[in-house]
Amino acid sequence: MTGFMDGKVFRVGVLAVCSLLAMGAAAWEYRFVPVEVTSASAEAGEASGQEARWYVLADDGLDNLRLPDVRTPVFDSRTLSERRQLGLPTQLPPIAEAHTDHVAYLTFDDGPDEKNTPVILDILKTYGVPATFYVTGKMAQKNPEVLRRIFAEHHAIGNHSYDHVYKNLYPNPQNFLAEMEKTDEIIYGILGVRPFILRAPGGSWGMFTPAYGPMLVENGYVEHDWNVSSQDAAGGKRSAAELVANVDAQTDRVKNAIILMHSTTGKDSTAAALPAIIELLVRKGFTFGVMSPATPHP
Ligand SMILES: [Zn+2]
């Protein structure tokens, strides 16, 4: 099974490189990485007909992360502790923010759960839309197959702490960093790669002191909050129509839309609203991208 899948990866990869070179996108270095295909993720991939299992993998020197395509996730093959042990850089080189206009970044926090995340993945597959899942270490440990499916279906994955407990995360930057590293190790243990991107639980506004910024830079993490909230985590049960209306009202005057949603059990309205949210954004002229270290900050 794995050899067969690897063969498909290789063929798809060659085609993708040729078309990218033809488009003059040579500055963005793609690398093709055979994903360790488990039976569950292979079945998911085969069922969807999705064959492209590739993404950008950082070099040991972190020097191949220029000008990312907005649809391509970026990962590291080393954990931070490995980088320190091997004397490799942990700090990213300067990465220019992508000059994008009307790109919508669908982001789903707090998963992966076993109920709504698969429904959300099915909808994204139907529409051919990529998204970003900011996962917690605790949920990744609980639902590793769902995390593998997110990865195999070409979505981006970001770090969202181990268990989302503010009192453990926000006394000081060292606590925050330790929890991010713990979560990276869990993601790495499941996927063999780890993300550079993260989202601070609750958002960095009001949570980070000025000391958090240098800590993130030194360790190569890039934090993104959001500029559009579906308000699916606000108090009380929100209907799908309310969530769609919230996204509609906040996407009239934004250049790019980083849209906050949640993929946790109990957020049934989010999955129910997602088709209408995608259709709304298409009508408004948005295309879709995944979060990366080059995503413009809201
Ligand atoms: Zn959260």
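Everything in this summary refers to the structure shown in the same document. (Residues numbered from 1 in each chain as written. Predicted model: local features only at pLDDT ≥ 70, side-chain atom pairs only at ≥ 80, totals over all residues.)

**Notes on helix α6 (residues 144–152)**
Here is step 1 of the chain: The buried fraction of α6 is high, at seven of nine residues.
Here is step 2 of the chain: Among the residues making up α6, those that are buried are V146, L147, R148, R149, I150, F151 and A152.
Here is step 3 of the chain: Looking one or two residues beyond α6, the residue adopting positive phi is H154, at roughly 75°. (Buried ≥ 20, exposed ≤ 12 C-beta atoms within 10 Å, placed from the backbone. Helix = DSSP H or I, 4+ residues; strand = E, 2+ residues; numbered from the N terminus.)

**A look at the environment of K182**
Here is step 1 of the chain: Of note, K182 is situated in helix α8 (residues 173–191).
Here is step 2 of the chain: C-beta crowding within 10 Å serves as the criterion here: with 15 such atoms nearby, K182 is assigned to the partly exposed category.
Here is step 3 of the chain: On a C-alpha basis, the gap between K182 and Y162 in space is 6.9 Å, while along the polypeptide they are 20 residues apart.
Here is step 4 of the chain: Leaving out residues up to four positions away in the same chain, K182 has contacts with G137 and Y162. (Contact = placed C-beta atoms within 7 Å.)

**Describing the sheet that holds strand β6 (residues 194–195)**
Here is step 1 of the chain: Pairing is mixed across the open sheet formed by three strands, whose spatial order is β1-β2-β6. Of all strands in the sheet, those bounded by a partner on one side alone are β1 (56–58) and β6.
Here is step 2 of the chain: With three bridges connecting them, β1 and strand β2 (residues 74–76) associate as parallel partners. Looking at β2, one finds that A58 is bridged to D76. (Pairing = 2+ DSSP bridges.)

**Observations regarding the pairing of strand β10 (residues 257–262)**
Here is step 1 of the chain: Within β10, six of the six residues are buried, which leaves the element mostly enclosed by the surrounding structure.
Here is step 2 of the chain: Here β10 shows no split at all, with A257, I259 and M261 on one side and I258, L260 and H262 on the other all buried.
Here is step 3 of the chain: As defined by bridge partners, strand β3 (residues 103–109) adjoins β10 across six bridges and the pair is classed as parallel. By the bridge assignment, A104 is partnered in β10 with A257.
Here is step 4 of the chain: Relative to β10, strand β9 (residues 228–229) runs parallel, the two being bridged by two bridges. Looking across to β10, one finds that V228 is bridged to I259.
Here is step 5 of the chain: The β-α-β motif built from β9, the intervening helix α10 (residues 240–250) and the parallel element β10 has right-handed crossover chirality. (Right-handed = clockwise from strand over helix to strand, strands pointing away.)

**A word on the environment of M180**
Here is step 1 of the chain: Of note, M180 is situated in helix α8.
Here is step 2 of the chain: Overall, M180 belongs to the buried group, with 26 C-beta atoms counted inside 10 Å.
Here is step 3 of the chain: The spatial distance from the C-alpha of M180 to the C-alpha of H160 is 7.5 Å, given a sequence separation of 20 residues.
Here is step 4 of the chain: Among residues more than four places away in sequence, those in contact with M180 are N159, S161, L198 and Y221.

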